[in-house]
Amino acid sequence: MRVLTASWAAWVSAFELRCKQLPGDPDDTSGACPDCGAEALRLSFSGLERDRVGYASFWCDACLVGIHLSRCLVPEGASMESLHTPVEERSVRVPDYTLLWPDEPPADE
Ligand SMILES: [Zn+2]
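What counts and how
Residues numbered from 1 in each chain as written. Predicted model: local features only at pLDDT ≥ 70, side-chain atom pairs only at ≥ 80, totals over all residues. Helix = DSSP H or I, 4+ residues; strand = E, 2+ residues; numbered from the N terminus. Buried ≥ 20, exposed ≤ 12 C-beta atoms within 10 Å, placed from the backbone. Core = buried A, V, L, I, M, F, W, Y, C linked by C-beta atoms within 7 Å. Contact = placed C-beta atoms within 7 Å. Pairing = 2+ DSSP bridges. Axes fitted to C-alpha atoms, helices over the stretch in contact; angles between N-to-C directions.

K.L.:
Please give an account of the environment of arginine 90 that cites residues and values.
P.N.:
Following the sequence through the fold, arginine 90 ends up in the loop between strand 4 (80-82) and strand 5 (98-99). Arginine 90 gets classed as partly exposed once you count the C-beta atoms within 10 Å, which come to 15. Taking C-alpha positions, arginine 90 is 9.5 Å from methionine 80, a pair spaced 10 residues apart along the chain.

See below:
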């Protein structure tokens, strides 16, 4: 089993950086992967278009590691997949990637 070296915080800051560039090009993969350094970061929002609330999948196509943010606000102008669209018909195919989770708080807190 491989050891994940990048922290949750590093992934979140890469995610925030990408969000600042939105709407941008949906196929844009710029920004170095916090885990392997490849410029292969992909972002996909899924949710309810009316509310612009949904979840974000943010992952690296090179090492297949990433994060998943639920109940987030989808930035204005960002493309999003409707939750009503069957997965196989969505424009962005999200691979089965290894999810990173927020760091465990220290046991004594
Ligand atoms: Zn990577």
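K.L.:
An account of the nonpolar core is needed here, citing residue identities and associated values.
P.N.:
One finds Trp11, Phe15, Leu41, Phe58, Cys60 and Ile67 to be the most contacted residues of the largest nonpolar core, which totals 16 residues. Elements represented by at least two residues in this core include exactly helix 1 (8-20), strand 1 (41-48), strand 2 (53-60) and strand 3 (65-73). With four residues, the top contributor of residues to this core is strand 2. The residues touching phenylalanine 15, leaving out its near neighbours within four places in the chain, are Phe58 and Ile67.

K.L.:
So what's going on with the sheet that holds strand 4? Residues and values would help.
P.N.:
Strand order in the open sheet made by the five strands is 4-1-2-3-5, with mixed pairing throughout. A strand with exactly one partner marks an edge of an open sheet, and here the two such strands are strand 4 and strand 5. Relative to strand 4, strand 1 runs parallel, the two sharing three bridges. Note on strand 4: the bridge partner recorded for phenylalanine 45 is methionine 80. The sheet contacts of helix 1 involve strand 1, strand 2 and strand 3, and relative to strand 1 the element is tilted by about 75°.

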